[in-house]
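Structural overview for review
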Amino acid sequence: MGEYEASTETFLKYKKETGKQKKNNFFKKTLKNELLGNEIAKNLIDTPVKAIITHLDASINKAHIEFSPVPVDEQTLIFASLRSDTIVYYSAIDTSVQMPYKKFYTAKKMDTTWVFQGELEGPFNSPEANTGNGAFSPDRNRFYFTRCEKNFQNKMICSIFLSKKEYDKWSEPEKLNSEINKSDFTSTQPAVGIDSRKNQETIYFVSD
């Protein structure tokens, strides 16, 4: 509701009334987080970030879809695309026209303009699966991404793969285990961070 001042007053009142209780460590930690969250929210509102949004030109954006951009550095971008100059409607009934697969591509920033550079080098793209939704580990030595292909029931199933950087070369991608990729279910859109309490690499992903 945006009522951060009133929220802080209520939390401080709670802190005063329960401060002498011994068995409330969980609530003390929660209280600390909530009070910090209120301060962060107020600071963000008082100092809004101005962002300029630019639609990239036809060197990047074609007639079909471009998605999941991943910055490599300030001058390099990885993105996924069903790359085509024209709109083509693909039918599940008419199998004579093969649906192209989505792949990773790269772009470079030339002055102020992003320019298409071609297919991403390395073992990431597959000639038989849709590829996209890439995410680097915080140290940039692991690259998580999604491959999607139809199973024997003609259902599109996505799985999360991992490639590791070893001596400036990326390893052949390996499918993550069944804790992540359950048979006949989709796991996709990995995002990677660090668990602040355990200092462990953590994957967040979407699944049905």
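First, a word on scope: everything that follows refers to the structure included in this document. Keep in mind that this is a model prediction, so the values were computed, not measured.

Regarding the pairing of strand β5 (residues 130-136)
Judged by how many residues are buried, β5 sits mostly within the fold: 7 of 7 residues are covered. Bridging between β5 and strand β6 (residues 142-150) involves 5 bridges; their strand directions are antiparallel. Counterpart to F136 in the pairing with β6 is F143. Counting the residues that bridge the hairpin from β5 to β6 gives 5 residues, and of these R140 lies at a positive phi of roughly 70°.

Points about the sheet that holds strand β2 (residues 76-81)
Across the sheet, 4 strands lie side by side as β1-β2-β3-β4; this open sheet has antiparallel pairing. The two strands at the open ends of the sheet, each matched to only one other strand, are β1 (66-73) and β4 (113-119). Taken over all neighbouring pairs, the strand axes of this sheet differ in orientation by 30° on average, direction set aside. Where strand β3 (residues 103-110) lies against β4, 6 bridges are found, and the strand directions are antiparallel. Counterpart to T106 in the pairing with β4 is G118.

With respect to the layout of surface pockets
As a volume, the second largest pocket reaches approximately 170 Å³. Taken together, V72, I78, L120, F124, F136, R140, F143, K165, D168 and W170 form the lining of the second largest pocket. Of the residues contributing to the lining of the second largest pocket, the split by class is 7 nonpolar, no polar and 3 charged.

What about the packing of aromatic side chains?
Applying the stated criterion to the full structure yields 14 aromatic pairs. The interplanar angle of 50° and the centroid separation of 4.8 Å between the aromatic rings of F136 and F143 together place this pair among those described as tilted. Across the pair, exposure class does not vary: F136 and F143 are buried alike. Through a chain of ring-to-ring contacts, three or more aromatic side chains come together here, namely F104, F124, F136, F143, F145, F161 and W170. Across the ring face of F116, the terminal group of R83 is positioned such that the distance to the ring centre comes to 3.5 Å.

A word on the side chain of T188
Relative to the elements of secondary structure, T188 occurs in strand β10 (residues 187-195). What makes T188 buried here is its relative accessible area of 10%. Here the side chain of T188 touches N133 through a polar contact of 3.3 Å, side chain to side chain. Ignoring any residue separated from it by four or fewer positions in sequence, one finds T188 in contact with N133, T146, C158, I160, F205 and V206.

Reading the values: rules and limits
- Residues numbered from 1 in each chain as written.
- Predicted model: local features only at pLDDT ≥ 70, side-chain atom pairs only at ≥ 80, totals over all residues.
- Heavy atoms only, no water.
- Buried < 20%, exposed > 50% of the residue type's maximum accessible area, 1.4 Å probe, protein only.
- Helix = DSSP H or I, 4+ residues; strand = E, 2+ residues; numbered from the N terminus.
- Pairing = 2+ DSSP bridges.
- Axes fitted to C-alpha atoms, helices over the stretch in contact; angles between N-to-C directions.
- 1 Å grid on protein atoms, 1.4 Å probe; cavity = no way out; pocket = protein on both sides within 12 Å on 5 of 7 lines; lining within 4 Å.
- Points joined across faces, edges and corners; volume = space filled by probe spheres on them.
- Nonpolar A, V, L, I, M, F, W, Y, C, P; charged D, E, K, R; others polar.
- Phe/Tyr/Trp six-rings, centres within 6.5 Å; stacked < 30°, edge-to-face > 60°.
- Lys NZ or Arg CZ within 6 Å of the ring centre and 35° of its normal.
- Polar contact = N/O pair within 3.5 Å; in protein donor to acceptor, adjacent residues only side chain to side chain.
- Contact = heavy atoms within 4.5 Å.

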